[in-house]
Amino acid sequence: MTSPIVVTGMGVVSPLGCGVASVWKRLLAGRSGVGNIDRFYIPDFPIGIAGAVPSREQDPEAGFDPNEVISLKERKKVDLFTLYALAAAEEALTQADWFPTSEEDCRSTATIVATGNGGLPTITGAQKILDSKGVKRLSPFVVPAFLANLAGGNISIRYGFKGPIGCPVTACAAGLQAIGDGLRMIRSGEAKVALVGGTEGCIDPLSLGAFHAMKALSARNDEPERASRPFDQARDGFVMGEGAGLMVIETLDHALSRGATPLAVLSGYGTSADAYHISAGPADGSGAAAAVRSALAMAGLQPEDIHYVNAHATSTPVGDKAEIAGLRSVFGERLPAIPISSTKSATGHLLGGAGGIESIFSVLALRDNCLPPTLNLERQDEDMEDLDFVPNQSRPHSVQNVLCNGFGFGGVNAALIFSKLSD
């Protein structure tokens, strides 16, 4: 019998702070990480809110301190998305106690870190320098800072991981696909251990302005904590978030042989394409449903075996409806009995980093038998009134298997299933 693949380490940098324990505690308490943007000021800019990672000065308990991640000299060579990934990697690897030194172990460790935008702030900053000061003032580190695969590249270099390295850049499904890619590599024998997940650091005027031009972002600037409201009738778009969520995965046999503690089983993965539209899925959610069915098949589970869904639900009217339509297709009349929540209501939408952090929340729901809430849910859509979205307060709930969804522009769909380890 093939040894199941398990999670042995997790690391988080998020709008709710840094560190798995602190972030999970705040999420369950109903805290919001969305606030006013203080990184730039542009008169009459239409978007004034985001889910930004708090600094240590803003949050002494769990804020982000780049000096603890990398030296000031080296920071000039990396973008924010890489800084976040390095911090999350250190936490995940420390929990897993995986710091290989032998050539064999280094070559059997994969590094798969996804992102949606890569170093967009580096690109926009370099363009300003080019326009104002000329090409001779461009830094030689611009390219290695903005390239999407350099989060994984810097992690690989720091820890000496010489196995497969990859970077899905599949919009908002990227983090889940990175975890799925790592699962496949371990199953195929290409790797024994994989550091997987996603990262994003694009709270930048160009990114915010471009998504606003698509009418995708909430403009509820006067009440930021209430702006991200998945499934609510008053939702008006998503809130941009940032951060990283990474996990260490390996076979159960490998974990036990080295004394690691398995946290959950990564039991299923499915992915599909809508082949429909560049920025919106079909209203019936058929592509999303196909990914969920594939994940169930890999896990050897039936729809009735799922006890909680961490939904992709970004707080856009069209996207939320399509996801629920896809879930109804898979789960049928049983869907009202399955709790569903969107943790993006607390963190905003981390784009390519969303799947990483939300997978960690899924594992924590399994571990603690506790469901994180959907914040700001006051009036559900009329065609969703029969569903349990865990409104506004976390609650205890026995959980054996969790489904985690992620969907992205271009019609990409991904779904993961995490399960409790059998006795």
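Parameters and conventions
- Residues numbered from 1 in each chain as written.
- Predicted model: local features only at pLDDT ≥ 70, side-chain atom pairs only at ≥ 80, totals over all residues.
- Heavy atoms only, no water.
- Core = buried A, V, L, I, M, F, W, Y, C linked by side-chain atoms within 4.5 Å.
- Buried < 20%, exposed > 50% of the residue type's maximum accessible area, 1.4 Å probe, protein only.
- Contact = heavy atoms within 4.5 Å.
- Axes fitted to C-alpha atoms, helices over the stretch in contact; angles between N-to-C directions.
- Helix = DSSP H or I, 4+ residues; strand = E, 2+ residues; numbered from the N terminus.
- Parallel < 35°, antiparallel > 145°, perpendicular 65-115°, else oblique.
- Nonpolar A, V, L, I, M, F, W, Y, C, P; charged D, E, K, R; others polar.
- Phe/Tyr/Trp six-rings, centres within 6.5 Å; stacked < 30°, edge-to-face > 60°.
- 1 Å grid on protein atoms, 1.4 Å probe; cavity = no way out; pocket = protein on both sides within 12 Å on 5 of 7 lines; lining within 4 Å.
- Points joined across faces, edges and corners; volume = space filled by probe spheres on them.

1. Some words on the nonpolar core
Note on soluble globular proteins: their nonpolar side chains tend to be buried together. Grouped together as the largest cluster of nonpolar side chains are 49 residues, with contacts concentrated most on Met10, Met247, Ile249, Leu266 and Phe418. Excluding anything up to four places from it in sequence, phenylalanine 418 contacts Val7, Met247, Val265, Leu266, Ser267, Ser359, Ser362, Val363, Leu366, Gln400, Asn401 and Val402. Core analysis: the second largest hydrophobic core is formed by 29 residues, Val13, Val53, Leu93 and Leu195 among them.

2. Topic: the packing of helix 8 (residues 174-188) against helix 14 (residues 354-368)
The interhelical angle for the contact between helix 8 and helix 14, taken along N-to-C directions, is 70°, at an axis separation of 5 Å. Viewed along their axes, helix 8 and helix 14 adopt a mutual orientation that is roughly perpendicular. Contact with helix 8, carried on its side by Gly175, Leu176 and Ile179, involves Gly355, Gly356 and Ser359 of helix 14 and no other residues of that element. Residue classes in the contact of helix 8 with helix 14 are distributed as two nonpolar, four polar and no charged.

3. Some details on the packing of aromatic side chains
Summed over the entire model, instances satisfying the criterion amount to eight aromatic pairs. Members of the aromatic cluster, each reached through a chain of ring pairs, are Phe99, Tyr159 and Phe161.

4. Here's the deal with the side chain of serine 315
Among the structural elements, serine 315 can be located in the loop between strand 10 (308-310) and helix 12 (317-331). Under the relative-accessibility criterion, serine 315 is labelled buried at 0%. Not counting the four nearest positions on each side in its chain, serine 315 is found in contact with Ala227, Ser228, Arg229, Pro230, Arg235, Asp236, Gly237, Phe238 and Asp320.

5. Considering the packing of helix 1 (residues 20-28) against helix 14
At a closest axis distance of 11 Å, the pairing of helix 1 and helix 14 adopts a crossing angle of 75°. As far as their axial angle goes, helix 14 and helix 1 are roughly perpendicular. Facing helix 1, whose interface residues are Val20, Val23, Trp24 and Leu27, helix 14 presents Ile360, Phe361, Leu364, Ala365, Arg367 and Asp368. Per-class residue counts for the contact of helix 1 with helix 14 are eight nonpolar, no polar and two charged.

6. Topic: the layout of surface pockets
It is a probe the size of a water molecule, rolled over the atoms, that shows where empty space is left. By volume, the largest pocket amounts to about 750 Å³. Taken together, 40 residues form the lining of the largest pocket, with Ser279, Ala280, Thr316, Gly319 and Phe409 sitting closest to its centre. Broken down by element, the lining of the largest pocket gets its largest block of residues, six residues, from helix 12. Counted by class, the lining of the largest pocket contains 18 nonpolar, 17 polar and five charged residues.

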